[in-house]
Amino acid sequence: MLPKRRIVFCIGILTAAVAVAQNTTFELGRVDFWRPADLSNNWIIIKEDGIAGTPISGDIKTSAWKRLVGGAVENKPVAYVSGCTPRIGTCLIKNGSAGDCSNPTPGEGPAGEPASYFARGIVLDPTDQPTGLFLPVAPLQRAAADNVFEYPATAISEILPHGKVQYFENFRIRWEWSVTSDPNGTWSACGISENPLYVTRSLPKPENPGVGYRHFHTLLHIGCKYADGATSDEAMIQGVWAYFEGRAVARVDGAPLKYYGNWTGILADRTDELLEKKDGRCQSWAKMLLDVLKVQGFVESNNYKIVKANTSSEFFIKTWVDYGGSGTSGNNVYPFRNVRMSTLHENNSYKWQYSEVDYSTPSLAQNNNNPPADFGFHVIVNIKGKLYDPSYGLKYGVSIKNSDNIEVVSMLDENYVSAYALIYPPVEYEIQMNNFVLSDYIKIIEPVNPSQNNY
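Parameters and conventions
Residues numbered from 1 in each chain as written. Predicted model: local features only at pLDDT ≥ 70, side-chain atom pairs only at ≥ 80, totals over all residues. Heavy atoms only, no water. Core = buried A, V, L, I, M, F, W, Y, C linked by side-chain atoms within 4.5 Å. Buried < 20%, exposed > 50% of the residue type's maximum accessible area, 1.4 Å probe, protein only. Helix = DSSP H or I, 4+ residues; strand = E, 2+ residues; numbered from the N terminus. Contact = heavy atoms within 4.5 Å. Axes fitted to C-alpha atoms, helices over the stretch in contact; angles between N-to-C directions. Left-handed = near helix turned anticlockwise from the far one by under 90°. Nonpolar A, V, L, I, M, F, W, Y, C, P; charged D, E, K, R; others polar. Salt bridge = Lys/Arg side-chain N within 4 Å of Asp/Glu carboxyl O. Pairing = 2+ DSSP bridges. Expected span 1.5 Å × (residues − 1).

Peer 1: Lay out the nonpolar core in plain terms, naming residues and giving numbers.
Peer 2: Met 236, Phe 244, Met 288 and Ile 383 are the most contacted members of the largest nonpolar core, which totals 81 residues. At 9 residues, the largest contribution of residues to this core is made by helix 5 (residues 282-295). Setting aside its immediate chain neighbours within four residues, Ile 383 contacts Ile 237, Leu 289, Leu 290, Leu 293, Phe 298, Glu 300 and Tyr 388. If you look at the next biggest cluster of nonpolar residues, it comprises 29 residues, including Tyr 80, Cys 84, Ile 88 and Cys 190.

Spelled out as structure tokens, the structure:
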């Protein structure tokens, strides 16, 4: 009779397990991404774009996917530094009850007693096929609320490859539950979570709100999306620059960022201001490019470059034309004469009382096909010895020293500067066309505050 009793007992357990499985469902309620346990500094607290820089991420975790009361879903981005192992946890609601996962539990995981259920996560590619990454099987724990269960913060199956930039527009995880811990047992799906995930190449440079630099969402988005897969600084820089070169740089929410969208008014001079106002001068564009690289951990000295004409008051870029005569200024070197109105810029155009040189063809700039074209100075950046102009998406090669030992930017001078001007306040201009004979030239100058060189 003993063997029969054993058989009946086993059948009873199996029948009970099947009944539990048939009468139980779980719904995904919340997914938390946690600071890694191995390298806690590799957790990046993302900041909202703008001057306030309000944190999007939590100090130790972020509820990156959350079903709200009423059924709507809230997503948040998450960012790590390469070389660490993310931890992920989830909250499940049993049998479609009124249980609420919207408020994350504090601490490293649920404190409730273990339940007779197990969960796991399978990372999917965009076509919903498994990638090979997974969250291992772990027992669920009952939370304080009835029918609410927690899968504790658990390390994903592989570390993020060291030194590699990665971008996941939607990091998708299929969550499954079971009454058994056997990976080959019967498992049921309970939902798919998805949220943006950024992985930087190296540890970002620490924030400096005093100069407008924080770990802004848009900086992470640009750096990781356009340098996705880069395993060297050179490849990362090339990917980021290719995006700036397209002259259509936008915030992560799609809002275009402009270079002198309005010629007048208070424009941004810093990255945080540019992200908020969405319109800025060359200073803000130079800093933003450098800040994208800083978030990827790339920093070098002598990178912020101010350029101006060597002797002229201003230079005119791309393309100005003279009226065809010999000029009436009386200055043989600056023969042409213009007289401006009391306000030179109005309604994004020039206002001259009298002119022998006029603006003809604009130089295309970031999200703006009609920027102003007269400047007393301009700001560009030096990256690994090469000169970049993020305002216009242009490269100027390298600077060289001329016979007077002055550092000049010959490519900017020869290809983009149309004329040079002397200004006699309040309204008189004497102008020479850039004909490479009488022309002035563009040089790099030291800023008033030398620390700017190492922005």
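We are not done yet, so read on.
Peer 1: An account of the packing of helix 3 (residues 233-245) against helix 5 is requested, with residue identities and associated values reported.
Peer 2: Between helix 3 and helix 5, whose axes approach to 10 Å, the crossing angle comes to 145 degrees. The chirality of how helix 3 crosses helix 5 is right-handed. Counting all contacts with helix 3, which are made through Met 236, Ile 237, Val 240, Trp 241 and Phe 244, the residues of helix 5 involved are Trp 285, Met 288, Leu 289, Val 292 and Leu 293. Its residues placed into classes, the contact of helix 3 with helix 5 shows 10 nonpolar, no polar and no charged.

Peer 1: Explain the pattern of salt bridges residue by residue, including any values.
Peer 2: Counted by the stated rule, this structure contains 17 salt bridges. Here Glu 150 ties to Arg 30 by a salt bridge, and the two come within 3.1 Å at their closest N and O atoms. With Glu 150 in strand 9 (residues 148-155) and Arg 30 in strand 1 (residues 26-34), this residue pair connects regions lying 120 residues apart in the sequence. Taken individually, Glu 150 and Arg 30 each receive the classification buried, so the pair is uniform in this respect. Asp 253 is the salt-bridge partner of Arg 251, the closest N and O atoms lying 2.6 Å from each other.

Peer 1: Explain helix 2 (residues 217-226) residue by residue, including any values.
Peer 2: Judged by how many residues are buried, helix 2 sits mostly within the fold: 8 of 10 residues are covered. Taken as a whole, helix 2 has its buried residues at His 217, Thr 218, Leu 219, Leu 220, His 221, Ile 222, Gly 223 and Cys 224.

Peer 1: Describe the sheet that holds strand 27 (residues 428-433), listing the residues and the values that go with them.
Peer 2: The 6 strands lie next to each other as 18-17-27-26-15-20, forming an open sheet whose pairing is antiparallel. Bordering the open sheet on either side are strand 18 (350-355) and strand 20 (374-375), each of which pairs with just one other strand.

Peer 1: Explain helix 5 to me, using residue names and the numbers behind them.
Peer 2: The periodicity of an α-helix, 3.6 residues per turn, causes residues three or four positions apart to be oriented the same way. For helix 5, built from 14 residues, the straight-helix expectation of 20 Å at 1.5 Å per residue is met to within 8% by its first-to-last C-alpha distance of 20 Å. Most of helix 5 sits out of view: 14 of its 14 residues are buried. Of the residues flanking the end of helix 5, it is Gly 297, one or two places downstream, whose phi is positive at about 90 degrees.

Interpretation note: all reported values are geometric properties and have no functional meaning in isolation.
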